[in-house]
Each structure stands twice: as C-alpha cells, then as structure tokens.
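Examining the three-dimensional arrangement
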Amino acid sequence: MVGHSSASSRREVRIVVAGDADTGKSTLIAAMASESFPESVPSVLPPTRLPHNSFPDSVPLTLIDTPSSLGKQGTRNEELKRADAVVLTYACDEPGSFERLSTYWLPELQNLEVKAPVIVVGCKLDLRDESRPVSLESLTTRIMRQFREIVTCIECSAATLYQVPEVFYFAQKAVLHPVDPLFDYERHALTDRCVRALRRIFVLCDQNMDGALNDEELNEFQVRCFNAPLQPSEIVKIKTIVEEKVPRGVNSLGLTFPGFIFVHNTFLQKGRTEALWAVLRKFGYDNDLTLRDDFLPVPSKQASDQSMELTSEAVEFLNGIFRLLDTDKDRSLRPAEVDKLFDAAPESPWNDVPYKDAAEKTDMGYVSLNGFLSQWALMTLLDPRHSLANLIYIGYSGNPAAALRVTRRRSVDRKKQQTERNVFQCYVFGSKNAGKSALLYSLLGRCASEPMITVNVSEPFSNNYTPTTVEQYAANVVELRGVRDCLAACDVAAFVYDSSDEYSWKKSIDLLEKVVRQGELTGYRVPFLLIAAKDDLTPFPRGVLDSVKVTQELGIEAPIHVSMKLGDSNNVYSKIVSAAEHPHLSIPETDFTRKRKQHHQFLHHSFIFALVGAAMAVAGFKVCRARAMKKNSSA
C-alpha cells in the first residue's frame, strides 16, 4: 500500500550545517553539490542550492555552511535560528568531536531555541582507524535518548562519496515528513492526534459504513493516495499479514480500523514516514495534523459589525448528528457521547474555555439539543475557522463554503429596523457582586456558584459569591412567542445592578454613560437594557424613582426587575432577544445626541426651505417673464 506521492507545498528546504572546525562541513557540502571529492574548499562556502530533482520529493534544497570561529558566532546562530533542519558534524577519526556534540552543540541549539530536526553526521569515515571498529548504534543510542530533537544518525565519506546524498535526503525527509507529530516515543505507538486523523480517513473511505474496508474500498484508497491500484494478490497479502499480527484487524467484511492503524504503524516502523504523510496530506492535513487552510474556505467579513453564523444546511446536519448520537432518545448527550462526536478531531474543542460549561445542560449534566446547537453557534461566532474545521472532522460532507454565512451589517439592520440574524451577542456590564454571573448561569439553568456541572441540582441559586476573573460566555436558545471596536460585535448591551445597593446603581449608570459615549463616537449604537437584580432585597432609598428618571431621560425601557434567588427572571432573556430583533429601539439618547440630531434636523429643514425658496423664485421669475412677453405681443 505504498507509492510515490508529492510532499507538502514547500518551495524550499533550508539545511544549516554546523559543527567543530575540521570535521568536514564544507567538504561535505561541496561533495554533494559537485558529486565529486574537492581537493580544496574555502573555510566557509556560500549558500549552495541543489536542484529540485535531487530527491524524489522535488523540493529544492539550500545548504548553508557555517563558521566555527567564536568571532563569527553571531552569524552562525542567526543561520541556525532560520534553519528548517540542522546537520551537526563530527569527525569519525576524532572521538573528541563526537563528545562535543552532547557537551556543546546540542545544548547550544536548545539555548537558541532551535526547533528544527537534527541530523548527526559522522564525516571522514574513510579515515577511521579500522583496528578499533565502532558500532554507530552503540555510539549514538545514548545521545539520541538524551536529545529527542535528533531524528537520524549517519556516517559518510566525502572522499568516496559514501552516503553523502543520504545525509541530505534524511535532512529533507525530516522536514517534509516529520516523525514527531506521528509517533509517541514514550508509548512506542502512534500519537493520539495521528490516530484521530486516521479514524476520520477510515470513516471517509468506508463508503458503505459497515465498519470495514472491503477490497473495492481498499483499492480506491490506494489509488486516491498513491495513484496506483492494488492487485487482488496484494490485497490478500495485506489482509494475511494484518490477521497474523492483529486478529481484530480483519473480519469477514474487510480491513477494520485496528488493521488500518496497524498498516500505517508499519510504515513508521520501516522508516516510510513519507507514505503515511502522503495519506494524511491527501486528506488535507498539515504538519500539526490539523486541516490546511485550503480545505477551510471561511467567508470574509467586510466590516467589523458583521458576524458569522452557521447556514441552515449546517444546522440541519448538526441536528442529524445529534439524533445519531442520542441512542437512548432522551434528547440529550452524555459526556461519553460528546467525546465520541469528536473522536476524529485533533481534540475535543469543548473541553477548554471559552466553550467549557458555556451551554445549557440537563440536571444530570448532559448536553441538551438547545445547548448543543448553541455551543456550535458560539464557536462559529468566536472562531469561524475552528468551527468549520470541526464540522468537517465530525463528518460534514457538504460544500464547506456553504456551511458558514456572513450576516448583514448591524448598522444596516438599524436603518432597516429589522435583523436577519439568528445569533445575538449581548454584552453584560455591571459592578462587582451586582449579579452578572447569576444572570448568566440562570440562562443555563445552573447554580451561580458552581460553574462546573453538579448532579441533581435542586436549587438554581446560591448565596455564595464567586467573583468572575476570566471572560465568560453563556450560550443558549431563547424561544420567543410569535416570533473596528468592541461595540461593533454587540447586539444588545445589558447593565446589571444590585437594586438594594446604591453604589452598584451608580457604578452601572457610570458604565452605561461611558458605553453610550463610545457608541456615539464610533457610530456603533446598540439597544440598551437596565436589569435590576436581587429584587428580593429591599431597594435602596429613591432607587425606583432614580431608575425611572434615568430611563426616561435616556429614552430606554424601564429597568427589568429580576431575582435569581426566587427564580424570577421576569422573562429577561426573551426581552434581550426582542431588543436585538428590533435594533432601532431602546437606543439611549444623551444631550449630545439630541443636540446633534436637532442640528441635523435644522440643517435638513434649512436645506428644504432653501429649495422651496429657490423653486418659488424660479416660478416667480417665469411668471414675470411670461407677463412681459404677453405685453410685448399685445403692443
């Protein structure tokens, strides 16, 4: 199951050769370039470019020679930092130069934070004392264990050209077909990311979805990846080998996933990393085992007040995936079922912030359908590329360009007095201990003091206060009956205050005024809502009167009184969505805004009066002219 395949789309591989003086650096490069042993070479060669057809991957190599003197250490270090691969040389006839690799050169690369793969090369093999034979494996085992960046050790002779091309072939191979993303040296097995990528590939190739690749599917896989079909005898041979080594790798239907993994693990064991990478790259994977950008056609926003949403086609696909995973038909997904959803992705995107615990869950801690769709909507809003990639990982087979859509500008929505958005973003402002987190967690039906899921939560409110120290998101579906800066992405601004605390009220109003001014300066004016939290407590003196006065002056709705402790949300979430659906309403007006509006109206009216006056003047002139012509004709 191997064949020729091109490497990644690199235009060049830059290989830097370093090591002690007189270890054969320059001679090695010159011998490779001229395919002959040079009688003399300069102390440092200029950059040497090898043609693209030097090796099967057809990628040009640039070989960089480096000085060994301390006076030119800065130049050498800069070249090492730019290297795609590093060749460290030692002289086979000088044991001390090999010891210098572990005592100086490899620690120096670590100090310089060079991340490139390292090839250790023993030069001048023809000069080694034959009376003292040395095994390369015994010589290099310890150093390779100590320095994991070493991918290959090899000996060569520029004088006889023995293994000179192999030195640079292995260096190029380490760059184009790296081993580290594929193999876990501690477990001596494929990395978790590699297994996940191969699982997605296996599922895509298993067209009849029977859990095994039959002969036809195996052959199609071979042709797709290597442009060469498998003969029937070859398929039989593969299955026989797999069945001997992994009994579960073959069944009556064909090659199972364990067998598929065994075949690719064999590639690595035989040093055929290019074969495994040929498979991975054919299915869109880059060196970090995530999908390449050319597989992710994310549409571009033209303005900062636009946002990204899933299309109806993508939402329909997600509904189907939810039903497929919900085997017990309880309209919720258990943690194991969510993990299974992302078992072909590099990792589960919902295990970390900002997605962890951001969506609605049941009392048992399971993800509801609303929470599931809201989680995807949140990921699409915050990181469209990541959302599209995960859609593809979990099996979305439609046109990737049709999975996401860019919404209309919010400023246009306000002018048209309606919106076409399906996902709204509400910014929640307020002072410390005002009740913001309780409001968010109530949206998710969760206890405010316990962001982690608790089983059998009977009381949705806690008296314990936990301050918010990181940015938090709460995403959910709210069902309505019948229907260049931070504010650019905002649909509604909600200001929460503790209705029993005068300081909290003043702080919220201060924040409100600052946000209003910011909106006036930038042109991103959004609907505002005031939310009076902790309505179960006695309001501070004049609290009600002050709030009514402020809302009347600003021209916005009266405060929405809620009590999370009593479970009274006063339908606040539907009101937030309603405000977002009517983006031209509940926009506060300050004195500055009113004066500017009056000024614009005055200019508008003045312009109209001027037009009317001009029209009347023209009409009067025409009347006078007509009368004069009439008199002249009578005379």
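Here goes a summary of the coordinates provided. Since the model is a prediction, treat every value here as computed from it, not as a measurement. (Residues numbered from 1 in each chain as written. Predicted model: local features only at pLDDT ≥ 70, side-chain atom pairs only at ≥ 80, totals over all residues. Heavy atoms only, no water.)

**A few points about the overall build of the protein**
What counts, and what does not: Going along the chain from the N terminus, every DSSP run of H or I of four or more residues is numbered as a helix, and every run of E of two or more is numbered as a strand. When accessible area is computed with a 1.4 Å probe and restricted to protein chains, residues below 20% of their type maximum are described as buried, those above 50% as exposed, and intermediate ones as partly exposed. Here the open area of atoms and residues is found with the Shrake-Rupley method and a 1.4 Å probe, where only the protein chains shown may cover a residue.
On a plain count of helices and strands, the protein comes out with 20 helices and 18 strands. Of all 635 residues assigned to the protein, the portion counted as buried reaches 47%. A total of about 33,200 Å² of accessible surface is found on the protein, and carbon and sulfur atoms cover 53% of it.

**Some points on helix α17 (residues 502-522)**
What counts is decided by this rule: By this rule the span expected of a helix is its residue count minus one, scaled by 1.5 Å. Any pair of nitrogen or oxygen atoms within 3.5 Å is treated as a polar contact; in protein, a donor-acceptor pairing is required on top of that, and neighbouring residues in sequence qualify only through side-chain atoms on both sides.
In this model α17 runs 30 Å from its N-terminal to its C-terminal C-alpha over 21 residues, within 8% of the 30 Å that 1.5 Å per residue would give. Those residues of α17 lying buried are Ser504, Trp505, Ser508, Ile509, Leu512, Val515, Val516, Gly519, Glu520 and Thr522. Backbone nitrogen of Tyr503 and a side-chain oxygen of the N-cap are separated by 3.0 Å at the start of α17; the cap is Asp501. Positive phi shows up at Gly523, right after α17, with a value of about 90°.

**Points about the environment of Asp184**
The condition is simple: Contacts: residue pairs with any heavy atoms within 4.5 Å of one another.
Tracing the backbone shows Asp184 in strand β7 (residues 183-184). The sequence separation of Asp184 and Cys194 amounts to ten residues, and the corresponding C-alpha distance is 9.8 Å. Contacts of Asp184, omitting those with residues within four sequence positions, involve Ala189, Leu190 and Thr191.

**Details of unusual backbone geometry**
With an omega of 5°, the peptide bond between Val353 and Pro354 qualifies as cis. Checked against the element boundaries, Pro354 lands in the loop between α12 (335-341) and β13 (367-368). Positive phi, close to 55°, is recorded for Ser58, a residue that is not glycine. Along the chain, Ser58 falls in the loop between β2 (48-50) and β3 (61-65). Despite not being glycine, Ser586 has its phi angle at roughly 60°, a positive value.

**Concerning the pairing of β3**
Put simply, the test is: For two strands to be treated as a pair, DSSP must find at least two bridges joining them.
The element β3 is extensively covered by neighbouring structure, given that five of its five residues are classed as buried. Of the two faces of β3, the one lined by Leu61, Leu63 and Asp65 and the one lined by Thr62 and Ile64 are each fully buried. Relative to β3, strand β1 (residues 13-19) runs parallel, the two being bridged by five bridges. Residue pairing in the sheet places Ile15 in a bridge with Leu63 of β3. As paired strands, β2 and β3 are joined by three bridges and run antiparallel to one another. Its bridge partner being in β3, Leu50 is matched across the sheet by Leu61.

**Side note on the pairing of strand β4 (residues 85-91)**
We count it as follows: The path from the first strand over the helix to the second decides the hand: if it runs clockwise while the strands point away from the viewer, the crossover is right-handed.
Counting buried positions along β4 gives seven out of seven residues, so the element sits mostly inside the fold. Along β4, one buried face is formed by Ala85, Val87, Thr89 and Ala91 and the opposite face, lined by Val86, Leu88 and Tyr90, is buried too. As defined by bridge partners, β1 adjoins β4 across five bridges and the pair is classed as parallel. Bridge pairing in β4 links Ala18 to Leu88. Where β4 lies against strand β5 (residues 118-123), six bridges are found, and the strand directions are parallel. Each bridged residue has a counterpart across the sheet, and for Val87 the counterpart in β5 is Ile119. Between the parallel elements β4 and β5, the chain passes through helix α3 (residues 95-111) in a crossover that is right-handed.

**Concerning the packing of aromatic side chains**
In this description, an aromatic ring pair is defined by two values, namely the gap between the centres and the angle between the planes. Note the cut-off: Note on aromatic pairs: the rings of Phe, Tyr and Trp (six-membered ring only in Trp) are paired at centre separations within 6.5 Å, and the planes decide the class, stacked below 30 degrees, edge-to-face beyond 60, tilted for the rest.
Applying the stated criterion across every chain, the model contains 18 aromatic pairs. A centroid spacing of 4.9 Å and a plane angle of 75° characterise the contact between Tyr90 and Phe98, whose relative ring orientation is edge-to-face. The exposure class of Tyr90 is buried, given its relative accessible area of 2%. Looking at Phe98, the relative accessible area reads 4%, which means it is buried. Clustering of aromatic rings is evident, with ring pairs tying together Phe322, Phe342, Trp350, Phe372 and Trp376.

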